[in-house]
Amino acid sequence: MSADTTRATPGAKAPPRTPMTEAEMADAAERQSNLLVLKKVAPYLWPKDMPWVKRRVVWAMLFLIVSKLISVCIPIIYKDAVDALANEGVPFLALGAIGLTIAYGVARAMNVGFQQLRDAVFARVGQRALRMLALETFHHIHKLSMRYHITRKTGGLSRIIERGVKGVDFLLRFLLFSIGPLILELILIGIILTVLFDFWYLLVVAVTIGLYVWFTFAVTEWRVKLRRQMNDQDTDANQKAIDSLLNYETVKYFGAENREAQRYDTAMAGYEKAAIKTNYSLAFLNFGQSLLITCGLVGVMIMAAIGVQNGSLTVGDFVMVNAYMVQITVPLNFLGTVYREIRQALVDMGQMFTLLDQPAEIKDKPDAYDLKVDGGRVTLRDVQFGYDPDRQILKGISLEAAPGEMVAIVGSTGSGKSTIGRLLFRFYDVNGGALLIDGQDVRDVTQDSLHKAIGVVPQDTVLFNDTIGYNIGYGRDNATQAEIEAVAKAAQIHDFIQRLPNGYDTAVGERGLKLSGGEKQRVGIARTLLKDPPILLLDEATSALDSETEHEIQDALRQAGKGRTVLTIAHRLSTVAEADRIVVLEQGEIVEQGGHDDLLARNGRYAQLWQRQQSEDAV
């Protein structure tokens, strides 16, 4: 037989390190992510500018330590009571059997009392942290760009926030008040077992706990993966449910109730499968934990029983060892659940903090100033823009709307009409050129001041699920009822509201579904009038309405536009015939501009569009 006797020669290079597998890289990344999450949570528990929070955390920790010191003394008092009744041993407290029994009850009550006091002191700290995190997340979501929101599903986003905040709550309570106290209690019990008995008791307990923790963590790691799959299925099912309910009318139009139920059931079937695996794994975890703890308990009890038989220990010692093992067992039984929940909480919080780390595409410059509107002149100077770098939408647009002028932007679908409105409101930034208001580049001013200067009436006005009065009053914070009614009259909806049983207190339903299209548009016009902006953007505000309603809304829009610079983005040319100037777009470029009669006389692109729409209306 031959053997490989090759040895490394002095100075030889060490063999290359085996590269990490994808799973190992993922685990390392997750551990790093968990550390970052904990670092991000820490400032909420120990804020620099809130000394009262620090004081409450310190007091909570002191109460925790006191409760644990009392907790480890309880079995000693119990032992003394048993020995006193059996007339054995030397009692730690010379109070007699009755006195020791009373002391035992007082110690248990004090243990629970200090725990509850700890929770009460810390409650305000935890709730403040949750509130600040939720508020920060809410603010951040509103700061994210339209590009981000149109690519995310509302249901999934709401679940990320919900689970993230719950994760913070769980982490604050259990990491501080379960894992930390458990470690402290185990150390104290280990010291007591070594001092009062001998090292072998500590060794058995330590080995039992070590095996228990190893088994718990190993199985829980497997369960975390199953739980993550279950969460993914839950999110998917929730997204489908919310999407279906938001599109309730569309589902009805196409008789797709069964189809939607099938989609939801398919998602729920995936959730069911993942949940069943999770339950099976929980049963395995619980049985394994119970088996290990029982073996350790029996081992320690056998050692104590032998000590009692040979006279080196009393019956009270036997009872005390049993009490300590039971005392260890109770928190350890929750270790698997707590560890799993902490891991899951870290995952959920990681998703929320990832959301918070999502950069806002549109930001104010460090030296941004408030927009100063003097007339409201809107200028597009060689504006170029594309939602995708490979697909240019606007190709060098230059136009100007003078103060008080109504400029209509028309063109076929996809020509870039609505894109101009989004750029004006700065949902996106131009890729080239500049967009100015009274000579000020919109990228140089604060977004708040820009948004205050522009009122928008969109094609489909979406209302809050509240009253008509609330939705009109949304145009300006703290508006009076008289101001709300005044703009409602200007938008020609006041009389309609007065005829409703509850008047301005009438609920409009989810997204305003209890109102007709024309009524919703009038509410949208009214709240824009209440905002009283110098610049008005009408983004196909009547294209979704019938001709009669459109005609009525046009009167309201004409009233709304008086004294303002108005940009009208329109598909129906009949709605812009009275505009001061009409700009015709085709494939992102201006092909014509001028008055209605002038453009018809040119017999160009505008005339073609006009004749086509007139023919369609005639048919």
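Each value, and the rule that gives it
- Residues numbered from 1 in each chain as written.
- Predicted model: local features only at pLDDT ≥ 70, side-chain atom pairs only at ≥ 80, totals over all residues.
- Heavy atoms only, no water.
- UniProt positions renumbered as here; feature names shortened; annotations may be inferred.
- Helix = DSSP H or I, 4+ residues; strand = E, 2+ residues; numbered from the N terminus.
- Buried < 20%, exposed > 50% of the residue type's maximum accessible area, 1.4 Å probe, protein only.
- Contact = heavy atoms within 4.5 Å.
- Areas by Shrake-Rupley, 256 points an atom, 1.4 Å probe, with all protein chains shown as cover.
- Pairing = 2+ DSSP bridges.
- Phe/Tyr/Trp six-rings, centres within 6.5 Å; stacked < 30°, edge-to-face > 60°.
- Lys NZ or Arg CZ within 6 Å of the ring centre and 35° of its normal.
- Salt bridge = Lys/Arg side-chain N within 4 Å of Asp/Glu carboxyl O.
- Expected span 1.5 Å × (residues − 1).
- Bend = angle between axes of the 7 residues up to and from the residue.
- Axes fitted to C-alpha atoms, helices over the stretch in contact; angles between N-to-C directions.
- Parallel < 35°, antiparallel > 145°, perpendicular 65-115°, else oblique.
- Nonpolar A, V, L, I, M, F, W, Y, C, P; charged D, E, K, R; others polar.

As annotated in an unreviewed UniProt entry, the protein carries the name ATP-binding cassette, subfamily B and is attributed to Sulfitobacter marinus. Annotation of the protein in UniProt includes, under Subcellular location (unreviewed entry), the sentence "Cell membrane".

J.: An account of the overall build of the protein is requested, with residue identities and associated values reported.
T.: Counting secondary structure elements, the protein contains 19 helices and ten strands. Expressed as a percentage of its 619 residues, the buried residues of the protein come to 44%. By sequence separation, contacts in the protein at least 24 residues apart represent 76% of the contacts at least 6 residues apart. Summing over all exposed atoms, the protein offers an accessible surface of approximately 33300 Å²; the carbon and sulfur share of this is 58%.

J.: Report on the sheet that holds strand β5 (residues 440–441), specifying residues and quantitative values.
T.: One key point about sheets: their strands pair by backbone hydrogen bonds, in either a parallel or an antiparallel sense. Strands sit in the order β2-β1-β4-β5 across an open sheet of four strands; the sheet is antiparallel. In the strand order of this sheet, the two ends are held by β2 (394–401) and β5, each with one partner. In the sheet, strand β1 (residues 378–385) pairs with β2 via six bridges, with the strands oriented antiparallel. Directly across from Val 383, in β2, lies its bridge partner Ile 397.

J.: Can you lay out the UniProt feature "transmembrane region" (unreviewed entry) in the protein for me, pointing to particular residues and giving the numbers?
T.: UniProt records the feature "transmembrane region" (unreviewed entry) for residues 57–78, 90–107, 170–193, 199–220, 283–306 and 318–339 in the present numbering. Across residues 283–306, helical content stands at 100% and strand content at 0%; the span's end C-alpha atoms are separated by 35 Å.

J.: Give a detailed account of the packing of aromatic side chains, specifying residues and quantitative values.
T.: Applying the stated criterion across every chain, the model contains 14 aromatic pairs. Plain terms: the ring middles of Phe 197 and Tyr 201 are 5.0 Å apart, the flat faces sit at 35 degrees to each other, and that makes the pair tilted. Both residues of the pair, Phe 197 and Tyr 201, belong to the buried class. Here the aromatic residues Trp 59, Phe 63 and Phe 114 are joined through ring pairs into a cluster of three or more. The side chain of Arg 124 reaches across the aromatic face of Trp 52, ending 4.1 Å from its centre.

J.: Requested: an account of the pattern of salt bridges, with residues and values cited.
T.: In the structure shown here, the tally under the stated rule is 17 salt bridges. Where Glu 257 meets Lys 252, a salt bridge forms, and the shortest distance between an N and an O atom there is 3.1 Å. The class of Lys 252 is partly exposed, set by a relative accessible area of 42%. Because the salt bridges share partners, they merge into one network encompassing Lys 79, Asp 83 and Asp 317.

J.: Go over helix α3 (residues 96–143), please, and point to the residues and values.
T.: An α-helical turn contains 3.6 residues, so a residue and the one three or four places further along point in the same direction. With 48 residues, α3 should cover 70 Å at 1.5 Å per step; its first-to-last C-alpha distance of 69 Å lies within 8% of that length. Of all the bends in α3, the greatest measures close to 40 degrees and is centred on Phe 122.

J.: Tell me about the packing of helix α6 (residues 199–246) against helix α8 (residues 257–309), and please be specific about residues and values.
T.: The axes of two packed helices give the description: the angle between them and the distance between them. The N-to-C vectors of α6 and α8 enclose an angle of 170 degrees; their axes lie 9 Å apart at closest approach. The orientation of α6 relative to α8 falls into the category roughly antiparallel. Class assignment for the residues of the contact of α6 with α8 results in 27 nonpolar, twelve polar and eight charged.

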